[in-house]
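# Residue-level structure breakdown
Listed below, chain by chain, are the residues.
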Amino acid sequence: MRQLLNWFRRGNLERGLNRELGYHTDRRVSDLMLAGLPEPEARRQAMLEVGGLTQIQEEVRDVWLTRWLRDFLYDLRFSARSFPRSPWFAAAAVLSLALGIGATTAIYSLVDQVLLHALPVRQPERLVLIDWKGDQAANGFGSWNLMSYPICRDLQQQDRFFEGVLCRAATTVNLSTGAEPSPAAAELVSGSYFSVLGVSPALGRLVDSADDSTPGASPVVVLSYDFWKTQLAGAADVVGRKVLVNQNPMTVIGVAAPAFRGIDVGQVPSLWIPASMSAQALPGFKDQLDRRTRWMQVLGRLRQGITPGQAQAGLQPWFKAMLEEDTRRPGFPRITTERRQRFLASVLTLTPAPQGHSGLQRRMAQPLWVLFAATAVLLGLACLNVAGLFLARGSAREREIGTRLALGASRGRLGRQLLADSMLIALTGGLFGIALAPPAVKTLIAFLPRDTAANALQSSIDSRVLLFAFLISAVAGVLSGLAPALRAGRDPLISSLRQRAGTTLGGVRLRKAIVTVQIAFTLILVTGAALFVRTLTGLMAKGPGFATSSLVEFGIDPLRNGYSRTEASRLIRRIDSEIRASGSTQASAVASFPLLTGGSWNDPMTIQTDQRVTTDRDVNLNAVSPGFFATLGIGIAAGRDFNERDSLPVGRSGRRSAIISESFVKRYLRGRSPIGARIGVGSGPDAKPDLEVVGVVRDISYRGIRDESEQAYFPIFEGGDSGGTFYVRIRGRTETAFQSIRAIVRKADPALPVNSLRTVDEQVNRSLNTERMLATLSGAFSTLALLLSLVGLFGVMSFVVTRRTREIGIRLALGATGSSAIWLVLRDALTMIAAGAAIGLPCACALGRLVESQLFGVKPTDPFAIAAATLLLTVAAFGAALIPAYRASTVNPVDALRFD
Amino acid sequence: MPSARFPIPQGTLDMLILQILSLEPAHGYGIAQRLEQISQSVVQVNQGSLYPALHRLEQKKWLRAEWKQSETGREAKFYSLTPSGRKQLAEEKKSWARLSGAVQLIFHEGSRS
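Reading the values: the criteria
Residues numbered from 1 in each chain as written. Chains lettered and ligands numbered in written order. Predicted model: local features only at pLDDT ≥ 70, side-chain atom pairs only at ≥ 80, totals over all residues. Helix = DSSP H or I, 4+ residues; strand = E, 2+ residues; numbered from the N terminus. Rg over C-alpha atoms; globule rule 2.2 N^0.38 Å. Buried ≥ 20, exposed ≤ 12 C-beta atoms within 10 Å, placed from the backbone. Contact = placed C-beta atoms within 7 Å. Core = buried A, V, L, I, M, F, W, Y, C linked by C-beta atoms within 7 Å. Axes fitted to C-alpha atoms, helices over the stretch in contact; angles between N-to-C directions. Left-handed = near helix turned anticlockwise from the far one by under 90°. Nonpolar A, V, L, I, M, F, W, Y, C, P; charged D, E, K, R; others polar. Expected span 1.5 Å × (residues − 1). pLDDT = per-residue confidence, 0-100. Pairing = 2+ DSSP bridges. Parallel < 35°, antiparallel > 145°, perpendicular 65-115°, else oblique.

## What about the overall build of chain A?
Secondary structure assignment for chain A yields 28 helices and 26 strands. A compact globule built from 900 residues should have a C-alpha radius of gyration of about 29 Å, whereas chain A, at 37 Å, is more than 25% larger. Across the 900 residues of chain A, 43% fall into the buried class. A sequence separation of at least 24 residues applies to 83% of the contacts in chain A between residues at least 6 apart.

## A word on the overall build of chain B
Each helix and strand in chain B was counted, giving four helices and three strands. Principal-axis analysis of the C-alpha atoms places the extent of chain B at approximately 60 × 35 × 20 Å. Evaluated residue by residue, chain B yields a buried proportion of 26% over its 113 residues. Counting contacts in chain B only where the partners sit at least 6 residues apart, residues at least 24 apart contribute 52% of the total.

## Structural notes on the nonpolar core
Residues and elements named next belong to chain A. Of all hydrophobic cores here, the largest spans 166 residues; its most connected members are Leu97, Leu378, Leu525 and Leu793. Among the elements that take part in this core, helix α13 (residues 359–396) stands out by supplying 18 residues, more than any other. Residue contacts for Leu793: discarding those within four places in its chain leaves Val515, Ala829, Met832, Ala877, Ala880 and Ala881.

## Concerning unusual backbone geometry
A negative phi angle is the norm for most residues apart from glycine, just as the trans form is the norm for most peptide bonds. Residue and element names in this part refer to chain A. Residue Asn145 is not a glycine yet carries a positive backbone phi of 55°. Looking at the secondary structure, you find Asn145 in the loop between β2 (139–140) and β3 (146–147). A positive phi angle, close to 50°, is found at Asn246, a residue other than glycine. For Asn246, the position within the fold is in the loop between β8 (242–245) and β9 (248–256). Classification of Asn246 by C-beta neighbours within 10 Å gives buried; the count is 25.

## Topic: the packing of helix α19 (residues 565–581) of chain A against helix α22 (residues 734–748) of chain A
A packed helix pair is summarised by two numbers, namely the angle formed by the two axes and the spacing between the axes. All names here are of chain A. Where α19 contacts α22, the axes come no closer than 10 Å and their chain directions differ by 145°. Handedness of the α19/α22 crossing: right-handed. Here Leu571, Arg574, Ile575, Glu578 and Ile579 of α19 come into contact with α22, specifically with Ile741, Ile744, Val745 and Ala748. Split by residue class, the contact of α19 with α22 holds seven nonpolar, no polar and two charged.

## Considering helix α26 (residues 818–850) of chain A
All names here are of chain A. With 33 residues, α26 ought to run about 48 Å at 1.5 Å a step, and its terminal C-alpha atoms sit 48 Å apart, in line with that. Within α26 the residues assigned to the buried category are Ala821, Val825, Leu826, Asp828, Ala829, Met832, Ile833, Gly836, Ala837, Gly840, Ala844 and Gly848. Where the residues of α26 are buried, they touch α18 (508–542), α24 (769–803), α25 (805–813) and α27 (863–889).

## Section: the confidence of the model for chain A
This prediction gives chain A a mean pLDDT of 87; 96% of its residues lie at or above 70. Low pLDDT, under 50, characterises residues 499–504 of chain A; the predicted model gives this stretch eight contacts beyond four residues in sequence or across chains.

## Some details on the pairing of strand β2 (residues 63–69) of chain B
Residues and elements named next belong to chain B. In this structure, β2 lies alongside strand β3 (residues 75–81), joined through seven bridges in antiparallel fashion. For Glu66, the partnering residue across the bridge sits in β3 and is Phe78. In sequence, β2 turns back onto β3 through a hairpin of five residues, with Gly73 there showing a positive phi of about 95°.

## Considering the sheet that holds β2 of chain B
Judged by pairing direction, the sheet is antiparallel, and its three strands sit side by side in the order β1-β3-β2 (chain B) without closing on themselves. Of all strands in the sheet, those with a lone pairing partner are β1 (26–27) and β2 of chain B, marking the two edges.

## Considerations on the interface of chain B and chain A
Contacts between chain B and chain A engage 13 residues on the former and 15 residues on the latter. Mapped by element, the contributors of at least two residues to the side of chain B that touches chain A are α2 (28–38), α3 (47–59) and β3 of chain B. A per-element tally of the side of chain B that touches chain A places α3 of chain B first, with seven residues. Looking at the side of chain B that touches chain A residue by residue, the classes come out as four nonpolar, six polar and three charged.

## Some points on the pairing of strand β1 (residues 127–133) of chain A
All names here are of chain A. Pairing geometry for β1 and strand β12 (residues 296–302), over four bridges, is antiparallel. The partner of Leu129 across the bridge, within β12, is Leu299. As paired elements, β1 and strand β13 (residues 347–352) share six bridges and run antiparallel to each other. Along β13, the bridge assignment pairs Trp132 with Leu348.

## What to know about the environment of Leu282 of chain A
All names here are of chain A. By the element assignment, Leu282 lies in the loop between α10 (278–281) and β11 (293–294). Of the residues examined, Leu282 has 23 C-beta atoms within 10 Å and is grouped as buried. Spatially, the C-alpha atoms of Leu282 and Gly191 are 18 Å apart, while their sequence positions differ by 91 residues.

## Some remarks on the environment of Glu125 of chain A
All names here are of chain A. Take Glu125: it is sitting in the loop between α6 (87–116) and β1. For the pair Glu125 and Phe794, spaced 669 residues apart in the sequence, the C-alpha separation amounts to 51 Å. Contacts of Glu125, omitting those with residues within four sequence positions, involve Ala118 and Pro354.

## Structural notes on the environment of Ala454 of chain A
Residue and element names in this part refer to chain A. Along the chain, the position of Ala454 falls in the loop between α15 (411–447) and α16 (463–487). Here Ala454 falls in the partly exposed class, since 15 other C-beta atoms lie within 10 Å of it. Sequence separation between Ala454 and Val475 is 21 residues, and the spatial gap between their C-alpha atoms is 36 Å.

## Side note on the confidence of the model for chain B
Residue-level pLDDT values for chain B average 84, and 90% of them are 70 or greater. Reported for the predicted complex are a pTM of 0.81 and an ipTM of 0.83.

## Here we look at α3 of chain B
Between its first and last C-alpha atoms α3 of chain B spans 18 Å; for 13 residues at 1.5 Å apiece the expected length is 18 Å, and the two agree. Of all the positions in α3 of chain B, only Gln47, Tyr51, Pro52, Ala53, Leu54, His55 and Leu57 of chain B are classed as buried.

## Focus: the packing of helix α2 (residues 10–34) of chain A against helix α3 (residues 39–50) of chain A
All names here are of chain A. Closest axis-to-axis distance for the α2/α3 pair is 9 Å, and the angle between their directions is 135°. Between α2 and α3, the interaxial angle falls into the category oblique. In terms of crossing hand, the pair formed by α2 and α3 is right-handed. Seen from α2, the contacting residues are Thr25, Arg28, Val29, Leu32 and Met33; seen from α3, they are Glu39, Ala42, Arg43, Gln45, Ala46, Glu49 and Val50. Here the residues of the contact of α2 with α3 are counted per class, giving six nonpolar, two polar and four charged.

This is the structure we're talking about:
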């Protein structure tokens, strides 16, 4: 660093050194004169003693700045001065690399934030996710890696391995901080949560184990720093304030540290509530202390020096004993012997979790890596392009290089000069790329799904990303300069010094190889893009299986506003009939679970016809009001829709009828009459198939458009299903309908928030976010790739034509036709395209397998996609080669021969 | 006329320079002269190794340099020892003493047997 500083003050240093050495010599001269020598003799003597002034200066300069660095800086300066002389070359090279580096940096920023960045907590590398592999013989709700609260408590006792264990569950609560309640993302946490993570409060105190000891006894919340700053304007007196969580009064005890945004990068909580208050935070939930209800993720902090593998192995004996004990506990469900064996064969797994636990990570990991690979290929292409440009420029500079070689420059020295050229281009490109990245990241973040909980992603470039951008710029600089640098001065001196231009074919073969590789890379990207575009269009053409036009949806959750189940059902029924009566709607219906959100209510089922069978996988379930199928336009294939009588509670089980989907019939009731069959939820010996199938409906998409699972519907009944998503077929303008829907809900209960009011078309779009991101970005990247390789092809072909002008002229003079001249050039281009395709296609097929899970309705070796990609590339490349080819045919033989 | 030069390894020269400057600040010419005088012309440094050494020591922040009027009235670049230079000198002296002591011992033992 100090050395680099010396570079900038080298003028000063030089002057100082000269004065210093001058003084030395003069003093020596005067001393020698004092000793009696005459002045000329004294001066000669002094000079002799010095040896060589220049050599001393050089040696001192080496002290100031290491030799190679000094040379490199001189090279950079030389490059910087030479580029303005060929501005088009410089602009093309910088632009190529800026696009490549910008795209790679933008995707890396997301990869880093979503997948790689460790939580801002104490020693995140010691955090592990503890998961149950096997059958938990339990019911549950939530996302992934779930266990029950008591098991988390048990794990906390395992202090041989863990410094601490925490558990947490994400949810949404209706939070009122004074005004009307609004939905807020919350995290239910064990008392150990903050201490295990090592997060400190910004204000007040955080949830501790005392808050989590007795269920219902600690009505306290901790606010997130962002929520406190944005929603409460950073009020200093926030600690001690009362807030309402689902209408339950709770006290704010503190605000968490500013940087801490929970452990899920995709779902940032606004507040933390102790798990002891889960009955209040999750209305109707009474199973916090039930060992067989899985709803929380469990993370542990390993003791210093213990590896996840050691802890995992060490925990198994205790875990086995716990499983045995569990089966003897009162309340353990009656399960089949087979299932019991699966339960007893369960193991605990520990995986490092320095990034926390996030559904976003799980969903986006593969798409992000795919995109990152695509940008890496794109950057590689850009480097090849710049290498090609340099080679072209190198052959234009052959005489200069030849002259320098003749004057004694070593080939290594010349190569370093060329490397300095490419480094300068790459670093400039990197600067532009970094400028391009933040808006690109912003666009990318917009592709990610979001609901009440915001994600913690930011589009600003942090130091890690900056370092990454710098590194890839340097790598790009080396890569794109390597070929020209290695080639520098390879040609025999004499030929490059000859007067005539265009005798050597210097670098053409290398440049052709580069273009061939570019074509192969491009083919891989274009094929990938074709696959993703076909996936997206296929999914959009498939649709959810019902008519989405003028269909809107919204949700309400009266339980979170303090309603009882029966009251909630009545409220939903009242709102439903009000909406029906409104002038701006055609039809309305309620489902207890929303469609196309990625989740579902699912369970295995038991079917009783002439024999009893259980389903071999979960059936997606929903409870709907009469008219649901008609409102959504789902055809009834057999039997009938539910009617009001189905919706009345009967006896203890509440339900007495069910409707199943065609795929359900196809999989489990083939050849039997579905109407009148009896089904029930559950697969154990205690499952009661007592619901009569009254109808069969067409299949629709439930979790998402890709979903093709079996479905079963139950009627919504009073006191049973108490939350709801409304589906409303509207008349006229959407905004008018939204207003009247809001007005109707407000009239029914002013304090009840309307959640996710949107058109179903929008919901369909949201559910295809990942697919759209992949299709759009891979399309954009392959367009860029195509452009880059076309420029490369065009460049090398133009060069070839210029080089062969004489030869073509002679051929034409000897009677060759224009079209044969065109063919002469095109043949070259076609060879490159064919070779590129021969390399690229097998790679594309092989790489396609890696993205298979992201595809839908199309195989990685889809002939249509591959043919389309190849055709597009060939036509475009052919077009790019045609221009120089045409120029070859118009060569005037006389001019060409006069070239010398 | 300079007699046959006594070649000084770089590390030793650095140490000698630090030692000279520990007495009082001096310019390059002065350092060369003093080395010659004190060592009774056994040690002679040429400028080709003196000036790179001075700049190297300055870069390492063991020396500080400033332009001052010299005894002849002309401005010269005077070098002086920094505190870290002083520490370095002490260390080098110590290790030099150990080395030369060891060499003495070996010579001593060797001549006895």
